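Below, each chain spelled out in residue letters.
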Amino acid sequence: MNETILIIGACGQIGTELTAKLREMNGKDAVIASDIREGSEELMSSGPFEILDATSKDDILEIIKRHKVSQVYLMAAMLSATGEKYPDKAWYLNMTTLFNILDLAKEGEIKKVFWPSSIAVFGPTTPKQNTPQKTVMEPTTVYGISKQTGERWCEYYHDKYGVDVRSIRYPGIISWKAEPGGGTTDYAVEIYHEALKEGKYTSFLNEESALPMMYMPDAIDATIQLMNAPAEEVKDRSAYNLAAMTFTPVEIAEEIKKHIPEFEMSYAPDFRQEIANSWPQSIDDTAAREDWNWKHAFDLESMTKDMLENLGKRYSK
């Protein structure tokens, strides 16, 4: 593979692990990590890194030309919970960065684009169970509005200008490597940290808040698999539904108790509860499974075991 890849937003939750995996697959010099700030020591030392303001098209183009970049993964975004605090900033960041990359692809500066969407595109009028690939979308957060709008623009640029842009509607992503990034599903990451550090956790969602979730290795594999699929297999140019598991705070707490019997869970729902209530509880991702053979590897049991093993090593040091 003689491609040079630029990852924008490489210091984020997904970007950190995506960078590592792509460098492992393609060689460190073939993957340029970038962000508005420096990342972890591991990220910074594992290959080329550029400080980049992704709202500046000129700055992006300079890096693309200097490194001869052919693929861009645009992971920079302000997520759901943070976006509700700063709606104007979230809209500006999420949309300006997308237009910059789509325009550069339209102008022939890059060949292929990955841009992440989210289950936040759905809203309270969307079917909650087995949410279809194509369905009602009436998002209630600025993050969701920006992602739904972005899906339409991705499809438009593909249909009108032939831009090879690909996207996934990520569910909640759980990882032990990177810190949560300000999303509504972050309780499912925080709970593992607090279980090991404090033996207890107070959830900002109520007991029965069922949400679609996915372990980070599956999310990374799906992203790369979609980007490597032949163009003719990528039939949906808005974004693909993607699913692995659905659980509630009660269910994840019970799974943790199998490993840490003394773990205690309490509940204090905050403004994020209203966001969670507007999202689907389970996702139908048949299109991804049929079009480019997507399969998930982790369920709640295997993910919990892996999370606690890896975080346990970190906290025992």
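Residues numbered from 1 in each chain as written. Predicted model: local features only at pLDDT ≥ 70, side-chain atom pairs only at ≥ 80, totals over all residues. Heavy atoms only, no water.

Student: Sorry if this is basic, but what is going on with the nonpolar core here?
Tutor: One recurring pattern in soluble globular proteins is that nonpolar side chains are buried together. With 37 residues, the main nonpolar core has Ile-174, Tyr-187, Tyr-192, Phe-247, Ile-252, Phe-263 and Met-303 as its most contacted residues. Those elements that place two or more of their residues in this core are α7 (187-197), β11 (211-215), β13 (245-247), α9 (249-257), α10 (272-277) and α12 (300-315). By residue number, the principal contributor to this core is α7, which donates six residues. Excluding residues that lie within four positions of it along the chain, Ile-252 makes contacts with Tyr-187, Ala-188, Ile-191, Tyr-192, Phe-247 and Leu-300. Counting 33 residues, the second-largest nonpolar core is a separate cluster that includes Cys-11, Leu-43, Ile-168 and Ile-173. (Core = buried A, V, L, I, M, F, W, Y, C linked by side-chain atoms within 4.5 Å. Buried < 20%, exposed > 50% of the residue type's maximum accessible area, 1.4 Å probe, protein only. Helix = DSSP H or I, 4+ residues; strand = E, 2+ residues; numbered from the N terminus. Contact = heavy atoms within 4.5 Å.)

Student: Would you mind going over the environment of Ile-63 with me for this structure?
Tutor: Tracing the chain through its elements places Ile-63 in helix α3 (residues 57-67). The exposure class of Ile-63 is buried, given its relative accessible area of 2%. Beyond its immediate chain neighbours, meaning those up to four positions away, Ile-63 contacts Leu-6, Glu-50, Leu-52 and Val-69.

Student: How do you make sense of the sheet that holds strand β3 (residues 49-51) when you look at a structure like this?
Tutor: Taken in spatial order, the six strands line up as β3-β2-β1-β4-β5-β7 in an open sheet, and their pairing is parallel. Since the sheet does not close on itself, it has two edges, and those belong to β3 and β7 (164-166), each with one partner. Strand-to-strand twist of the sheet, defined as the mean angle between neighbouring strand axes without regard to direction, takes the value 20°. Relative to strand β5 (residues 112-114), strand β4 (residues 71-74) runs parallel, the two sharing three bridges. (Pairing = 2+ DSSP bridges. Axes fitted to C-alpha atoms, helices over the stretch in contact; angles between N-to-C directions.)

Student: Where do I start with the sheet that holds strand β9 (residues 172-174) in this structure?
Tutor: Each strand in a sheet pairs with its neighbour through backbone hydrogen bonds, running either in the same direction (parallel) or in the opposite one (antiparallel). Ordered by their spatial adjacency, three strands build an open sheet running β9-β11-β13, and the pairing between neighbours is mixed. Strands with a single pairing partner mark the edges of an open sheet, and in this sheet they are β9 and β13. Each adjacent strand pair in this sheet contributes to an overall mean axis angle of 45°, direction not counted. Of the pairings in the sheet, the one linking β9 to β11 comprises three bridges and is parallel in character. Looking at the pairing, Gly-172 lines up with Met-213 of β11.

Student: Sorry if this is basic, but what is going on with the side chain of Asp-285 here?
Tutor: Following the sequence through the fold, Asp-285 ends up in the loop between α10 and α11 (286-292). Engagement of the side chain of Asp-285 in a polar contact is seen with the side chain of Trp-294, the distance being 2.9 Å. Each residue touching Asp-285, except ones within four places of it in the same chain, is listed here: Asn-241, Leu-242, Ala-243 and Trp-294. (Polar contact = N/O pair within 3.5 Å; in protein donor to acceptor, adjacent residues only side chain to side chain.)

Student: Could you clarify how one ought to interpret a nonpolar patch on the surface in this entry?
Tutor: A cluster of nonpolar side chains, namely Trp-153, Tyr-156 and Tyr-161, defines an oily patch on the protein surface of about 280 Å² accessible area. Here Trp-153 is to be found in helix α6 (residues 142-161). (Patch = residues over 30% accessible without salt bridge, like charges linked within 9 Å, V, L, I, M, F, W, Y side chains within 5 Å. Areas by Shrake-Rupley, 256 points an atom, 1.4 Å probe, with all protein chains shown as cover. Salt bridge = Lys/Arg side-chain N within 4 Å of Asp/Glu carboxyl O.)

Student: I'm lost on the side chain of Ser-167 in this one. Help?
Tutor: In this structure, Ser-167 sits in the loop between β7 and β8 (168-170). With relative accessibility at 1%, the residue Ser-167 sits in the buried group. Polar side-chain contacts of Ser-167 include one of 3.3 Å to the backbone nitrogen of Ser-117. Among residues more than four places away in sequence, those in contact with Ser-167 are Phe-114, Trp-115, Pro-116, Ser-117, Leu-226, Ser-238, Ala-239 and Tyr-240.

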